[in-house]
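Examination of the molecular architecture
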Amino acid sequence: MKTSIATGIVAGALAGVAGALAMNQFQRVMSLARGGREAEDATIGIPRTGRGPQPARALGNASQDATAKVANALTSSVGVSLENPRARQVAGGLVHLGFGALNGAVYGAAVALNPRLRMGGGVPFGLAVWALADERRND
């Protein structure tokens, strides 16, 4: 059964948000299991909402991670400044959900155009997005 592109985009976006939320919850559980830290030498910073504590490779706290930087750039472009670290965290969390929605929408549109892509259930696509976006180091 062929799905319309619009339906694929909406379904994919919803699945992308669900995946981003699942990632947040997994990281929270793992953080709690490790006493609030992702790695033995994790940077101590203000608590990270939704994405767990700052990993060791990061050079700042949660209000300075990539999603918070993107949120700050987006809000600055419309004349709004995110001075408060908590506001940057919340905005960063929304960017994370938006990133999941965007990637899910791309996958949903691709499946609508080529239903054979549905065979893996999106798992290979999701793993590729995770590996390229979340696990990439900027050393």
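Computed from a predicted structure; not experimentally measured.

1. Focus: the packing of helix H1 (residues 5–33) against helix H3 (residues 85–113)
Two numbers describe how H1 lies on H3: the axes approach to 6 Å, and their chain directions differ by 140 degrees. Relative to H3, the element H1 lies oblique. Viewed along their axes, H1 and H3 form a crossing whose handedness is right-handed. Of the residues in H3, those in contact with Ile-5, Gly-8, Ile-9, Gly-12, Ala-13, Gly-16, Val-17, Ala-20, Leu-21, Met-23 and Asn-24 of H1 are His-96, Leu-97, Gly-100, Ala-101, Gly-104, Ala-105, Gly-108, Ala-109, Ala-112 and Leu-113. Tallied by class, the residues present in the contact of H1 with H3 amount to 13 nonpolar, eight polar and no charged.

2. Digging into a nonpolar patch on the surface
On the surface, Ile-5, Ile-9 and Leu-113 cluster together into a nonpolar patch covering about 260 Å² of accessible area. With respect to the helices and strands, Ile-9 occurs in helix H1.

What counts and how
- Residues numbered from 1 in each chain as written.
- Predicted model: local features only at pLDDT ≥ 70, side-chain atom pairs only at ≥ 80, totals over all residues.
- Heavy atoms only, no water.
- Axes fitted to C-alpha atoms, helices over the stretch in contact; angles between N-to-C directions.
- Helix = DSSP H or I, 4+ residues; strand = E, 2+ residues; numbered from the N terminus.
- Parallel < 35°, antiparallel > 145°, perpendicular 65-115°, else oblique.
- Left-handed = near helix turned anticlockwise from the far one by under 90°.
- Contact = heavy atoms within 4.5 Å.
- Nonpolar A, V, L, I, M, F, W, Y, C, P; charged D, E, K, R; others polar.
- Patch = residues over 30% accessible without salt bridge, like charges linked within 9 Å, V, L, I, M, F, W, Y side chains within 5 Å.
- Areas by Shrake-Rupley, 256 points an atom, 1.4 Å probe, with all protein chains shown as cover.
- Salt bridge = Lys/Arg side-chain N within 4 Å of Asp/Glu carboxyl O.

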